[in-house]
Amino acid sequence: MENKIITNNRKAFHEYVVSERYEAGMVLTGTEVKAARVGKVNLNDGWVAIDDHGEAFLYDAHIAKYSHGTYANHDETRPRKLLLSRKELAKLATKTEEKGFTIVPLKMYFKGQHIKLEIGVAKGKKAHDKRDSAAAKEAARSIERAMKQRR
């Protein structure tokens, strides 16, 4: 079964070093699912937090209003509940209590008929780390170009 990717959060890999990844289900309304099917989702500003009751929520992720929706259309940046096992929630809660760690959404995709969100435990990059990773990417690109010219 192939997963159809709705959106990637490329900004997350620029801003953070992702150490662990988890797959979470999402509680969505009908118009949110329809807007996601059209690809009107942006995870760039999104973040995940675990509340006092031990439940995970996705905040500030933008799912645009469905164009054919009625008065029942959803709020674009409302908090959305994530569905994870208790064991995963406990791991995430302990990780985020450590200094510098946060939970960021990485990508949203269809798995069968369900919409899943890949989240990652991440630590923020410093400015010099960003420069180092950009330099490494550029070096890999130039090596690839040189290999292509040799063929």
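Conventions and cut-offs
All residue numbers refer to positions counted from 1 along the written sequence of the respective chain. Local features in this predicted model are restricted to residues of pLDDT 70 or higher, and side-chain atom pairs are both shown and tallied only at a pLDDT of 80 or more, whereas totals for entire chains, interfaces and linings draw on every residue. Only hydrogens and water are removed before side-chain values are computed, so all heavy atoms of the structure are retained for them. One number per residue, pLDDT, summarises how confident the predictor is, and it ranges from 0 to 100. Helix and strand definitions here come from DSSP, where helices need a minimum of 4 consecutive H or I residues and strands a minimum of 2 consecutive E residues; each element is numbered from the N-terminal end. Burial status follows relative accessibility: with a 1.4 Å probe on protein chains alone, a residue under 20% of its type maximum counts as buried, one over 50% as exposed, and anything between as partly exposed. By this definition, two strands are paired if DSSP reports at least two bridges between them. Put simply, a nonpolar core is a bunch of buried Ala, Val, Leu, Ile, Met, Phe, Trp, Tyr and Cys residues held in one set by side-chain atoms that sit within 4.5 Å of each other. Geometry of aromatic contacts follows a simple scheme: Phe, Tyr and Trp rings, the Trp one being its six-membered ring, pair when their centres are within 6.5 Å, and the pair is stacked under 30 degrees between planes, edge-to-face over 60, tilted otherwise. Charge over a ring is defined by NZ of Lys or CZ of Arg lying within 6 Å of the ring centre and within 35 degrees of the ring normal. Definition of a polar contact: a pair of N or O atoms within 3.5 Å, with one able to donate and the other able to accept a hydrogen when the atoms are protein atoms, and with sequence-neighbouring residues admitted only if both atoms are side-chain atoms. Any two residues whose heavy atoms approach within 4.5 Å are treated as being in contact.

1. Some remarks on the confidence of the model for the chain
Of the residues in the chain, 99% have a pLDDT of 70 or more, and the chain-wide mean is 88. Looking at the elements of the chain, mean pLDDT is at its lowest for helix α4 (residues 127-150), recorded as 83, and at its highest for strand β7 (residues 80-83), recorded as 95.

2. Some remarks on the pairing of strand β8 (residues 101-111)
The buried fraction of β8 is high, at 8 of 11 residues. When strand β1 (residues 4-8) meets β8, the two strands line up antiparallel, connected through 4 bridges. Bridging from a neighbouring strand, Thr 7 pairs with Met 108 of β8. Pairing of β8 with strand β9 (residues 114-124), which is carried by 10 bridges, proceeds in the antiparallel orientation.

3. Here we look at the nonpolar core
Core analysis: the largest hydrophobic core is formed by 26 residues, its most contacted members being Met 26, Leu 82, Leu 84, Met 108, Ile 115, Leu 117 and Ile 119. Where this core is concerned, the elements lending two or more residues are β2 (16-26), α2 (30-38), β5 (56-59), α3 (86-97), β8 and β9.

4. Some thoughts on the packing of aromatic side chains
If you walk through the whole model with that rule in mind, you get 2 aromatic pairs. With centroids separated by 6.4 Å and ring planes inclined at 40°, the aromatic side chains of Phe 57 and Tyr 59 adopt a geometry described as tilted. By way of ring pairs, the aromatic residues Trp 47, Phe 57 and Tyr 59 are connected into one cluster. Over the aromatic face of Phe 101 sits the side chain of Lys 95, whose NZ or CZ is 5.1 Å from the ring centroid.

5. Details of the side chain of Arg 80
Structurally, Arg 80 is set in strand β7. Here the side chain of Arg 80 touches Glu 76 through a polar contact of 3.0 Å, landing on its backbone oxygen. A distance of 3.0 Å separates a polar atom in the side chain of Arg 80 from the backbone oxygen of Arg 78. Apart from the residues lying within four places of it in its own chain, the contact partners of Arg 80 are Met 26, Val 27, Leu 28, Glu 32, Ala 56, Phe 57, Leu 58, Ala 61, Ile 63, His 74 and Asp 75.

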